[in-house]
Amino acid sequence: MKWLMKSEPDVFSIDTLKKDKTTWWEGVRNYQARNFMMNDMKVGDEVLFYHSNAEPSGIAGLARVSKAAEADKLQFDKKSEYYDEKATKEKPRWFCVQVEFVEKFPEVISLAELHKNEKLAEMMVLKKGQRLSVQPVSDKHFEVVKKMGK
DNA sequence: GCCAACGTTGGC
DNA sequence: GCCAACGTTGGC
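Predicted model only: the values in this text are computed from it and were never measured. (Residues numbered from 1 in each chain as written. Chains lettered and ligands numbered in written order. Predicted model: local features only at pLDDT ≥ 70, side-chain atom pairs only at ≥ 80, totals over all residues. Heavy atoms only, no water.)

Caption draft 1: Main features of the protein's contact with DNA strand B. Close contacts around DNA strand B come from Asn30, Tyr31, Lys128, Gly129 and Arg131, and that covers them all. At the protein interface, 72% of the atoms of DNA strand B within 4 Å belong to sugar or phosphate. Between DNA strand B and the protein, one listed contact pairs a phosphate oxygen with a side-chain N or O atom of Lys128 at 2.8 Å. With respect to DNA strand B, the side chain of Arg131 contributes an N or O atom lying 2.9 Å from a base oxygen. (Near = heavy atom within 4 Å. Polar contact = N/O pair within 3.5 Å; in protein donor to acceptor, adjacent residues only side chain to side chain.)

In structure tokens:
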């Protein structure tokens, strides 16, 4: 499958991923997003890297799933804002995949640009009120976005 | 900074 | 199990 993953570039941007090569997608505390990572994301799946709360917000590049889901370490870290007192090592509550850098687009494809493309009218991230930070993307939408990023 | 959308919590 | 209150996301 193909995916879109949101990150605030002030916190973690495509440039950070490029520099670090890979990252564990820690800190997701939404069950739907967790379930996608835990159940559906496979090594090799391609990912649109989305910048949220940004100037401009939009799709910044491509990544790929490099390791299947494991327990999110931050849920055990009392000093982390993502600490979860109800999680135990035996029964972790939160899982995340590892993603690797693939490509940074020459320019971020802004939300405005995406909205202009009729082929993307049904794309999840463009729907009003859609806040899910990990979401599936159809093959068709993925290819359209990839072409726009060239 | 505003606020709509929507997820989570907790009292009942 | 319902649902009001509250918190968060994220575009603008």
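There is more to say, and it comes next.
Caption draft 2: The arrangement of the sheet that holds strand β6 (residues 134-137) in detail. Read from one edge to the other, the open sheet built from six strands follows the order β2-β5-β4-β3-β1-β6, with strand pairing classed as mixed. Two strands in the sheet have a free side with no partner beyond their single neighbour: β2 (22-24) and β6. Strand after strand, the sheet turns through a mean of 35° between neighbouring axes, direction not considered. Two elements, strand β1 (residues 2-7) and β6, share four bridges in a ladder whose sense is antiparallel. Looking across to β6, one finds that Trp3 is bridged to Pro136. Relative to strand β3 (residues 46-51), helix α4 (residues 139-148) is tilted by about 60°, and along the sheet it contacts β1, β3, β4 (58-71), β5 (95-110) and β6. (Pairing = 2+ DSSP bridges. Helix = DSSP H or I, 4+ residues; strand = E, 2+ residues; numbered from the N terminus. Axes fitted to C-alpha atoms, helices over the stretch in contact; angles between N-to-C directions. Contact = heavy atoms within 4.5 Å.)

Caption draft 3: Focus on the protein's contact with DNA strand C. The environment of DNA strand C is made up of Lys6, Tyr50, Ser52, Asn53, Ser57, Leu111 and Arg131. Backbone atoms, meaning sugar and phosphate, form 67% of the atoms of DNA strand C found within 4 Å of the protein. Within the side chain of Tyr50, an N or O atom sits 2.4 Å from a phosphate oxygen of DNA strand C. Arg131 places a polar main-chain atom, nitrogen or oxygen, 2.7 Å from a phosphate oxygen of DNA strand C. In terms of residue class, the surface near DNA strand C is made up of two nonpolar, three polar and two charged. (Nonpolar A, V, L, I, M, F, W, Y, C, P; charged D, E, K, R; others polar.)

Caption draft 4: Main features of unusual backbone geometry. Of note, the bond from Glu55 into Pro56 is cis; its omega dihedral lies within 30 degrees of zero at -5°. Within the secondary structure, Pro56 is located in the loop between β3 and β4. Its identity as a non-glycine residue notwithstanding, Lys21 has a phi of 75°, on the positive side. You can see Lys21 is positioned in the loop between α1 (14-20) and β2. Of note in the backbone geometry, Asn53 takes a positive phi value of approximately 50° without being a glycine. By the element assignment, Asn53 lies in the loop between β3 and β4. In this structure Asn53 comes out as exposed when scored by relative accessible area, which is 61%. (Buried < 20%, exposed > 50% of the residue type's maximum accessible area, 1.4 Å probe, protein only.)

Geometric values such as these leave the question of function open.
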